[in-house]
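Notes for the structure review
One letter stands for each residue in the lines below.
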Amino acid sequence: MNNTIDFQETSLQNTGKEMYDLITKLFPICRSITGNGVRDTLDIIKNHIPLEIHEIPSGTNVFDWTIPKEWNIKDGYVKNSNGEKIIDFKKTNLHVLNYSMPINKKVSLKELKEHIFTLPEYPKSIPYRTSYYEENWGFCMAYEEFDKLTDDEYEVVVSSTLENGHLTFGEYFLKGETEDEILLSCYVCHPSMANDNLSGIALLTFLAKYLSKKKLKYSYRFLFIPETIGAITWLHLNEKNVKKIQCGLVATCLGDRGHLTYKKTRNDNTIIDKIVEEVLEESNEKYEIVDFFPYGSNERQFSSPGFNLFIGSLARTLYARFPEYHTSADNLDFVDPEHLHDSFEKYVKIISKLEDECFEEEQSVQNKKNKNIDANENNLIFKTIIQKCEP
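Residues numbered from 1 in each chain as written. Predicted model: local features only at pLDDT ≥ 70, side-chain atom pairs only at ≥ 80, totals over all residues. Heavy atoms only, no water.

With that settled, the discussion passes to the pairing of strand β13 (residues 245-251). Of all seven residues in β13, seven are buried; the element is thus mostly enclosed. Pairing geometry for strand β11 (residues 181-187) and β13, over five bridges, is parallel. Paired with S185 across the strands is V250, a residue of β13. Sheet topology places β13 next to strand β16 (residues 311-315); four bridges connect them, and they run parallel. Along β16, the bridge assignment pairs A251 with L314. (Buried < 20%, exposed > 50% of the residue type's maximum accessible area, 1.4 Å probe, protein only. Helix = DSSP H or I, 4+ residues; strand = E, 2+ residues; numbered from the N terminus. Pairing = 2+ DSSP bridges.)

As a further point, take the packing of helix α8 (residues 271-282) against helix α10 (residues 337-356). Packing of α8 against α10 leaves a shortest axis separation of 9 Å and a crossing angle of 130°. Put simply, α8 runs oblique to α10. In the crossing of α8 with α10, the sense of the turn from one axis to the other is right-handed. Residue-level contacts link I272, I275, V276, E278, V279 and E282 of α8 to K346, K349, I350, K353 and L354 of α10. Along the lines of polarity and charge, the residues of the contact of α8 with α10 split into six nonpolar, no polar and five charged. (Axes fitted to C-alpha atoms, helices over the stretch in contact; angles between N-to-C directions. Parallel < 35°, antiparallel > 145°, perpendicular 65-115°, else oblique. Left-handed = near helix turned anticlockwise from the far one by under 90°. Contact = heavy atoms within 4.5 Å. Nonpolar A, V, L, I, M, F, W, Y, C, P; charged D, E, K, R; others polar.)

With that settled, consider the packing of helix α2 (residues 15-26) against helix α6 (residues 194-211). The relative placement of two packed helices is expressed as an angle between their axes plus a distance between the axes. The interhelical angle for the contact between α2 and α6, taken along N-to-C directions, is 125°, at an axis separation of 9 Å. On the basis of their axis angle, the class for α2 and α6 is oblique. Where α2 crosses over α6, the handedness of that crossing is right-handed. Here T15, E18, M19, L22, I23 and L26 of α2 come into contact with α6, specifically with A194, L198, S199, I201, A202, L203, T205 and F206. Across the contact of α2 with α6, the residue classes tally to 10 nonpolar, three polar and one charged.

Here's what the structure looks like:
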């Protein structure tokens, strides 16, 4: 793959707009770590690339985790005594606590407030909240609306199911000249969030589509998985094959107007770290590089001591660093085709440099370094006997 890439070529000119259009199509879907929202999302991605879909049954043990019951939802609302819907899932799927148990009853204002999540510091925004592993029912609403609630009897309804089913994820493998692999991962579990979730999905979809037309030295594995439990599941299923993975990136938060930010691998000085820094430096644009920290997205599973894969994460404004994060303000206005296209260009340039590098010798040096990595203070964060993924 030639290191010189013409981004004016027809196949790339409209990539930012195409990415934005895909985000727009996926935005209304209510996704979670399991359920039909994930399936619907992967079905749409399959219109662009031939994903292989995997279904892992509820109750399956994956290291010291267990695949949870599958959650699906049809509707959810809160009505006051006048029959007015003050919370309505059909207006925005963020209104219902993700993974909420089904409920249908009348409650007092006091009880209702115990099950409502708000963000007083951002009174106009609806927060995104989940309850994957603790059975609960609940709703989310803007604090300025919450503050208007009056003493009344309220009808609360969540038409959801929580039953044995499957965890679903998608995988796309591009065979190169060697068996050595580059791992590129995003997560498919957030509901209506344009930047934190859909921008990564869109970027990897179009990156995979672009690379599928190129002659590649390395093989490329694209994962469209639920966050945390999806990565843990994939690692459990592929434990014997991860040694093929040379390095990789987690794609997230790539459509906002902030500068690019690179979260380094836990090993700190691998080939992917060097190449990403080169690409960012050569752009002559503002950028930021941060050291690895053991929370965030799926890089923390891939980098856990039992696997220690060289996985970084290239984003724009990093998760949790923008006020729109995990709120209704992370909407279609928060991302734009121009910055999506810029993020896509950077990923293509990184892949191009990886293809042009012969890093067998460098990786050998890194593998030797790994023997002593337990001295790294970050390892103190992981508290698990088998040291494969987080406890």
